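Residue strings, one per chain:
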Amino acid sequence: MENLPKLTEQQQNFVLNYIINGNNATNAYKSAYRCDNMKDESINVEASKMLKHPKISLWIKQANANVQEVFEDEIKYSAKDCFEELERIRDKTEDSFKTVNTALKAVELKGKLAGHFVDKHQVTGGNLADVLNQLK
């Protein structure tokens, strides 16, 4: 992210909304810019221009790469991995209740990070760079 160009606040909002809302440029444009007096056709044209903007396209490319990396990391730690790790902990720590609880908590947190123990994921942040950093 160190080589990415600076964006205006509206451009950041466009990129963030574009990534979060499933790559819908029109909705991203509506979220980032005032469109009260614009026709849908005009909004679509402007949204398309935004996607072609050199600075914005670099940010979108980086954001998509970060999202892909997160998904790949989640896949790497499967539910099977989680169960196998729980079994190893059980076998190694049967004599110490405190150690077992600490180890189980570690597996639980790891499983949550991998998405095995949550119903939904929420990304929060003050600006686009913060959100992209959370996705890493």
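Note: the structure precedes this text.
Numbering of residues starts from 1 in each chain and follows the order in which that chain's sequence is written. Confidence filtering applies because this is a predicted model: local features only for residues at pLDDT of at least 70, side-chain atom pairs given and counted only at 80 or more, and all residues used for totals across whole chains, interfaces and linings. Side-chain descriptors were evaluated using all non-hydrogen atoms of the structure, hydrogens and water having been removed beforehand.

(A) Structural detail: helix α3 (residues 40-52). Per the convention used, a helix needs a DSSP run of H or I reaching at least four residues, while a strand needs a run of E reaching at least two, with both numbered from the N terminus. Helix span, as expected, comes to 1.5 Å for every residue beyond the first. If you check α3, its first and last C-alpha atoms are 19 Å apart, about what 13 residues at 1.5 Å a residue would give, namely 18 Å. Between buried and exposed lies partly exposed: a residue is buried under 20% and exposed over 50% of the maximum accessible area for its type, with that area taken using a 1.4 Å probe on protein chains only. Those residues of α3 lying buried are Ile-43, Ala-47 and Met-50. One side of α3 holds all its buried residues, which, seen down the axis, span an arc of 55°. Facing away from the buried side of α3 by over 90 degrees, the exposed positions are Glu-41 and Lys-52. The directions considered for the arc are those from the helix axis to the C-beta atoms.

(B) Representation of unusual backbone geometry. Positive phi is not limited to glycine here, since Asn-23 has a value of about 60°. What makes Asn-23 partly exposed here is its relative accessible area of 39%.

(C) Just the packing of aromatic side chains, in detail. By convention, a stacked pair of Phe, Tyr or Trp rings (six-membered ring in the case of Trp) has centres within 6.5 Å and planes under 30 degrees apart, an edge-to-face pair has planes over 60 apart, and any other such pair is tilted. Enumeration according to the criterion identifies 2 aromatic pairs in this entry. Between the aromatic rings of Phe-14 and Tyr-18, the centroid separation amounts to 6.1 Å while the plane-to-plane angle is 15°, which identifies the pairing as stacked. Of this pair, Phe-14 and Tyr-18 both sit in helix α1 (residues 9-20), 4 residues apart, which is roughly one turn of that helix. Take Phe-14 and Tyr-18: they sit in the same class, and that class is buried. Ring geometry for Tyr-29 and Tyr-33: centres 4.6 Å apart, planes at 20°, overall stacked. An identical accessibility class is assigned to Tyr-29 and Tyr-33; each is buried.

Spatial relationships are all this shows, so hold off on functional conclusions.
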